[in-house]
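Observations on the three-dimensional arrangement
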Amino acid sequence: MISTPVNLADYSELARLAVCDSIWDFLCGGSGEEITLRANRTALDRVSLLPRVLTGLTEHSTACTWFTHASAMPVAIAPMAYHKLFNPQGELATARAAKVSSVPLIVSTLSSVSIEEIAAVGADLWFQLYWLKDQAQVRSLVQRAEDAGCKSIMVTADVPLMARRNRDLRNGFVLPVDVHAANLTPSAHLHAVSHTGSAATSAVEQHTREAFLAGLSWRHIEQLRAMTTLPII
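Calculation notes
- Residues numbered from 1 in each chain as written.
- Predicted model: local features only at pLDDT ≥ 70, side-chain atom pairs only at ≥ 80, totals over all residues.
- Heavy atoms only, no water.
- Helix = DSSP H or I, 4+ residues; strand = E, 2+ residues; numbered from the N terminus.
- Rg over C-alpha atoms; globule rule 2.2 N^0.38 Å.
- Contact = heavy atoms within 4.5 Å.
- Areas by Shrake-Rupley, 256 points an atom, 1.4 Å probe, with all protein chains shown as cover.
- Lys, Arg positive; Asp, Glu negative; His and termini not counted.
- Charge placed at Lys NZ, Arg CZ, Asp CG, Glu CD.
- Core = buried A, V, L, I, M, F, W, Y, C linked by side-chain atoms within 4.5 Å.
- Buried < 20%, exposed > 50% of the residue type's maximum accessible area, 1.4 Å probe, protein only.
- Pairing = 2+ DSSP bridges.
- Axes fitted to C-alpha atoms, helices over the stretch in contact; angles between N-to-C directions.

Our next topic: the overall build of the chain. Broken down by element type, the chain carries ten helices and five strands. Rg of the C-alpha trace for the chain: 19 Å, near the compact-globule value of 17 Å for 233 residues, within the 12% margin. Oriented by its inertia axes, the alpha-carbon framework of the chain measures out at about 65 × 50 × 35 Å. Sequence separation of 24 or more characterises 66% of the internal contacts of the chain that already satisfy a separation of 6 or more. When the accessible surface of the chain is split by element, carbon and sulfur atoms take 58% of a total near 13,700 Å². In the chain, 19 positive and 21 negative side-chain charges are present, and the distance between their average locations comes to 3 Å.

Our next topic: the nonpolar core. Within the largest apolar cluster, 44 residues are counted, with the highest numbers of intra-cluster contacts made by Tyr82, Phe127 and Leu129. If one sorts the elements of this core by residue count, helix α6 (residues 135-147) sits on top with four residues. If we skip the residues at most four places from it in the chain, Phe127 touches Ile106, Val107, Ser108, Thr109, Ile115, Leu141, Ala145, Cys150, Ser152, Ile153, Met154 and Asn183.

If you trace the three strands from one edge of the open sheet to the other, you get β3-β4-β5, paired in parallel fashion. Looking at the sheet topology across the chains shown, the edges are occupied by β3 (105-107) and β5 (153-155). The sheet shows a mean angle of 35° between the axes of neighbouring strands, direction not considered. Seen against the sheet, α6 touches β4 (125-129) and β5 and runs at an angle of roughly 175° to β4.

With that settled, consider unusual backbone geometry. The backbone phi angle of Glu34 is positive, close to 65°, even though this residue is not glycine. One can find Glu34 in the loop between α2 (21-28) and α3 (35-45). One non-glycine residue with positive phi stands out, namely Ser102, at about 60°. You can see Ser102 is positioned in the loop between α4 (91-101) and β3.

This next bit is on the environment of Arg170. Locating Arg170 in the fold gives a position in helix α7 (residues 166-171). A relative accessible area of 65% means that Arg170 is categorised as exposed. Placed 44 residues apart in sequence, Arg170 and Trp126 show a C-alpha to C-alpha distance of 33 Å.

The structure is reproduced here in C-alpha cells:
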C-alpha cells in the first residue's frame, strides 16, 4: 500500500484501489484489443523535454497560452464522462482541482453535473460537444456552454459510433442509478438504457449509439460555426 504518493503512477494506484473493477475498467479501458491505447501511451512516452543549459536563468515557468487562453502549464483536463462514478461530487471536485491548478477543464457532454453548476466553481472551462441526433439539443448545449462562460467548443469528431470496449462488454457495464448525463434532456427510454444491462453488453455503448449522430461531416461544423462565436476546436 502506498502511504505517500509522489507521482501520477502512485495516485493512479490509489485510485484503482478506491473503486470497483468495472468502474476502473470503464475509466482506463480502450476499444477492441486496446492496441491504440498502448500506442498512445508509447507515443507520449517518446515526448521528451529539451533542456537549455548555460542560460543563466534562475526562475522558471511552465505557463503557456492555449489558443488565446492562459494556462499554468501545457496541460488541460480532458473531457471524461460521469465523474460521479469516481467521486460523489463529480465534476465539481474536478473543477475545483482545475481552478487551484490554473489549467482548463474540458466539460464533457456526458458530465454527471450540469454545465451551469460546474461553471459556478469558477474554473477555466471549455465544452466538449458530441453531436447528437437531436439538433435542438445540440443548439441548446452550445448556447448553455456559451452562457456559462465556456471559452471554446471542442467537437469530438472520431466517435461516429461508440467503439466496442471489451472490458465493458465483459463486465456488462451499467451506470449506477444516481449517475446520469446531467446536460441532456431527460428521456425515459435513454435513461433506462443507461441503467439497464446484461451480460456481454455495455449500457453506455447502447446509450451513445441511440443518442449520437453517426454521419458527422464538415457541414455540421459549418452549422456549429453559425451557432456560436466561440473558438471551435
